[in-house]
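Next come the chains, spelled out residue by residue.
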Amino acid sequence: MPAQEERGRQLLENLGIPSGAKWVVAHARESGFHNRAYDNYRCTSIDSYYDAIRFLAEEGYFVLRVGDRSMTQLPDLGPRVFDLPFRAEYDFLLDVYGIAHCEFMMSAHSGPCMLARAFDRPCLGINVPVTFAHIPGERDMLALRRYHAPLSEGGHQLSYAEILDAYYRHGQ
């Protein structure tokens, strides 16, 4: 769809992202979009991404945060970071185009990370619950959520083997 490709490129240029620039997309799932409490175990906080966002911007990448206006707004993280849903000129095509052409995506378990998979873009899954529904692709990486034993068992952080053992022992 050449017209949508051109429009997406123009929308980025209107933000000040030059042709040929590299960018990363960030998405942290929050409960506002669906507002389903049973699903909140998949949510994460965008503030856990701040150090990575700053690092990427310092390394010369632009960072596009995608999502919707029910999400927590980013503080000012510098001129290379765009909190797209809160921009006056926001257009949903920026989310789709941004993901389709990003260097990689950082995302919690959410719909936008499935777009990265559809466009064959690498995805770093952040704070991923052990019940993560899609098997990572060849270029994907997962940073699993931290789980702890009950306080009655010492409250220690569980190893990956302990998480899987508990998951399968209790019938998922």
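Coordinates for the structure precede this section.
These figures come from a predicted structure and were not determined experimentally.

Along the backbone of the protein chain there are 5 helices and 6 strands. From first element to last, N terminus to C terminus, the protein chain shows the α and β order α-β-α-β-β-α-β-α-β-β-α. Considering the protein chain as a whole, with its 172 residues, one finds that 42% of them fall into the buried category. Relative to all contacts within the protein chain whose residues are 6 or more apart in sequence, the contacts with residues 24 or more apart total 45%. If you sum the accessible surface of the protein chain, you get close to 9,800 Å²; carbon and sulfur atoms cover 54% of it.

Below, the discussion takes up the environment of R121. Tracing the sequence through the fold places R121 in the loop between α4 (111–118) and β5 (123–128). With 22 residues separating them along the chain, R121 and I99 place their C-alpha atoms 7.5 Å apart. Apart from the residues lying within four places of it in its own chain, the contact partners of R121 are I99, A100, H101, C102, E103, A116, R139 and D140.

Turning our eyes to something else, we now look at the pattern of salt bridges. It is possible for side chains bearing opposite charge to pair when their charged atoms get close. Under the counting rule described, the total for this entry stands at 5 salt bridges. For D91, the salt bridge is made with R7, and the minimal N-O distance between the two is 2.1 Å. Within this pair, whereas D91 is found in the loop between β3 (81–83) and α3 (92–101), its partner R7 is found in helix α1 (residues 2–15), the two being separated by 84 residues in sequence. In this structure, the salt-bridge partner of R54 is D51, at a minimum N-O distance of 3.6 Å. Placement of both R54 and D51 in helix α2 (residues 50–58) is noted, with a separation of 3 residues, approximately one turn of the helix.

L12, I17, W23, V25, L64 and M105 are the most contacted members of the largest nonpolar core, which totals 21 residues. Going through the elements one at a time, α1, β1 (23–27), β2 (62–65), α3 and α4 are the ones with two or more residues in this core. Those residues within four positions of I17 in sequence are excluded, and the remaining contacts are R9, L12, W23, F62, L64 and F82. Counting 16 residues, the second-largest nonpolar core is a separate cluster that includes I46, Y50, L56 and A57.

On to the pairing of β2. Taken residue by residue, a regular strand's side chains alternate between the two faces of the sheet. Side-chain alternation along β2 places F62 and L64 on one buried face and V63 and R65 on a second face that is also buried. The pairing of β1 with β2 spans 4 bridges and is parallel. Residue pairing across strands places V24 opposite V63, the latter belonging to β2. Where β2 lies against β3, 3 bridges are found, and the strand directions are parallel. When the sheet's bridge partners are listed, L64 is paired in β3 with F82.

Right, let's talk about α3 for a bit. Because each turn of an α-helix spans 3.6 residues, side chains separated by three or four positions end up pointing in the same direction. With 7 of 10 residues buried, α3 lies mostly within the body of the structure. For α3, the full list of buried residues reads L93, L94, D95, Y97, G98, I99 and A100. Residues of α3 that are buried sit in contact with α1, β1, β2, β4 (105–107) and α4.

What counts and what doesn't
Residues numbered from 1 in each chain as written. Predicted model: local features only at pLDDT ≥ 70, side-chain atom pairs only at ≥ 80, totals over all residues. Heavy atoms only, no water. Helix = DSSP H or I, 4+ residues; strand = E, 2+ residues; numbered from the N terminus. Buried < 20%, exposed > 50% of the residue type's maximum accessible area, 1.4 Å probe, protein only. Contact = heavy atoms within 4.5 Å. Areas by Shrake-Rupley, 256 points an atom, 1.4 Å probe, with all protein chains shown as cover. Salt bridge = Lys/Arg side-chain N within 4 Å of Asp/Glu carboxyl O. Core = buried A, V, L, I, M, F, W, Y, C linked by side-chain atoms within 4.5 Å. Pairing = 2+ DSSP bridges.

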